[in-house]
Amino acid sequence: MFAFLIKRLAQAIVVMFVISIISFSIQDNLGDPLRELVGQSVSEEERQALRDELGLNDPFLERYLRFAENAVQGDLGTSYFFKEPALQVILAKLPATLDLVFGATIIIIGFSVPLGVYAAIKPRSLLSKLVMGFSTVGISIPVFLTAIGLIYLFSIELGWMPSYGRGEAGHIFGWDTAFATTDGLIHLVLPCITLASIMLPLFIRLIRSEMMEVLQSEYVKFARAKGLSPTRIYFLHALKNTMLPVITVGGVQIGTMVAYTILTETVFQWPGMGFLFLEAVNRVDTPLIVAYLIVVGAIFVITNTIVDLIYGLVNPTVKLFGGK
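Let me begin by describing the structure that accompanies this report. (Residues numbered from 1 in each chain as written. Predicted model: local features only at pLDDT ≥ 70, side-chain atom pairs only at ≥ 80, totals over all residues. Heavy atoms only, no water.)

## Quick word on the nonpolar core
One finds Ile90 and Met273 to be the most contacted residues of the largest nonpolar core, which totals 55 residues. Elements supplying a minimum of two residues to this core: helix H4 (60–72), helix H5 (86–121), helix H8 (182–215), helix H9 (218–225), helix H10 (230–267), helix H11 (273–283) and helix H12 (286–314). With 13 residues, H8 is the largest single contributor of residues to this core. (Core = buried A, V, L, I, M, F, W, Y, C linked by side-chain atoms within 4.5 Å. Buried < 20%, exposed > 50% of the residue type's maximum accessible area, 1.4 Å probe, protein only. Helix = DSSP H or I, 4+ residues; strand = E, 2+ residues; numbered from the N terminus.)

## Here's the deal with the side chain of Thr97
Along the chain, the position of Thr97 falls in helix H5. By relative accessible area, Thr97 is classed as buried at 0%. Setting aside anything within four residues of it in sequence, one finds Thr97 in contact with Val258, Thr261, Glu265, Trp270, Gly272, Met273 and Gly274. (Contact = heavy atoms within 4.5 Å.)

## As for the pattern of salt bridges
All told, the structure shown has four salt bridges when counted by the stated rule. Across the pair Arg66 and Glu62 runs a salt bridge, and its minimum N-O distance is 3.8 Å. Of the two residues, Arg66 and Glu62 both sit in helix H4, four residues apart, roughly one turn of that helix. Residue classification places Glu62 among the partly exposed positions, given a relative accessible area of 42%. (Salt bridge = Lys/Arg side-chain N within 4 Å of Asp/Glu carboxyl O.)

## What to know about the environment of Pro271
Here Pro271 lies in the loop between H10 and H11. Taking the relative accessible area as the measure of exposure, Pro271 reaches 30% and is therefore partly exposed. In the structure, Pro271 is positioned 174 residues away from Thr97 in sequence and 7.9 Å away in space, judged by C-alpha atoms. Setting aside chain neighbours within four positions, we find Pro271 in contact with Lys93, Ala96 and Arg166.

## Regarding the packing of H5 against H8
Closest axis-to-axis distance for the H5/H8 pair is 6 Å, and the angle between their directions is 35°. When you trace H5 past H8, the crossing you get is right-handed. Here the contact of H5 with H8 is built from residues that sort into 25 nonpolar, three polar and two charged. (Axes fitted to C-alpha atoms, helices over the stretch in contact; angles between N-to-C directions. Left-handed = near helix turned anticlockwise from the far one by under 90°. Nonpolar A, V, L, I, M, F, W, Y, C, P; charged D, E, K, R; others polar.)

## Some words on a nonpolar patch on the surface
Among the surface-exposed residues, Val137, Ile141, Phe144, Leu145, Ile148 and Leu263 lie close enough to one another that they form a single nonpolar patch of about 520 Å² accessible area. Among the elements that line the nonpolar patch, the one with the most residues is helix H7 (residues 143–157), at three residues. Within the element layout of this structure, Ile148 appears in helix H7. (Patch = residues over 30% accessible without salt bridge, like charges linked within 9 Å, V, L, I, M, F, W, Y side chains within 5 Å. Areas by Shrake-Rupley, 256 points an atom, 1.4 Å probe, with all protein chains shown as cover.)

## Some remarks on H8
The end-to-end C-alpha distance of H8, which contains 34 residues, comes to just 42 Å, noticeably less than the 50 Å that a straight helix rising 1.5 Å per residue would cover. Largest kink in H8: about 45°, centred on Ser197, with the proline Pro201 one to four residues after it. Structurally, the start of H8 carries an N-cap: the backbone nitrogen of Gly184 is 3.0 Å from a side-chain oxygen of Thr181. (Expected span 1.5 Å × (residues − 1). Bend = angle between axes of the 7 residues up to and from the residue. Polar contact = N/O pair within 3.5 Å; in protein donor to acceptor, adjacent residues only side chain to side chain.)

As structure tokens, this is what we get:
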């Protein structure tokens, strides 16, 4: 286990190095940050002086090395707009984004597993056909269209749910979360359903296809021949092996959902990292943009490492140790 963690740590360092280079490289193509820092009345000489002060006129390699040296110490720069450390601004918005991801993950697991298993066990039933039809339609509908439809139906027409904002947040074990209050939970419903709609159809189809393949395997046929109950075969023998590829895909998709929250947070005016990122792009707040990309990249790396560990624990044929 220790050797595996060291290996993954080395891989994570390389990945984060590449992400940092890419993130830092694109900031020159986002526009002039001085547009938001100074007014139109400032002379060109004063603009150039400010660029020199901020180091914007330095060669790329010199700027990147300075950034990398600070980043190793946890300093990703200072936001031009907030006048605060960019990492601190990002982390302040992280709990709101994780609320959405956690809520969407609960919905995905809660619906995809039973529906996917049922569709595999009874593929010709009416419910299975409806589920597969829903999954096909769900994959085809853009997330922003789902969000607008939910807002129109449940907020405007029925008036059951709020259409924007995070609501009242509370604290659970010191963590700022909307799950701690009733108002926060109500505000979470529509955004979480919207975010889950991206991945739910994919996982239903994935679980169904994997389950159908496992049900045709020899050990399942042997279990039936031994006279084991269908429930034991489906949920103890078949489902465990079905979940192996699902865990692998799920880890990547959870990281992807963090990036997908941009659209969801924009439509629902959710005060998370995605909404902050779009505001940073509009303001050409390059330190904040770079910090966001690095934080999201770190979430991907950490999530994939955890998934690999879980995969090794679930599947006994996968060795996390280097030995035979």
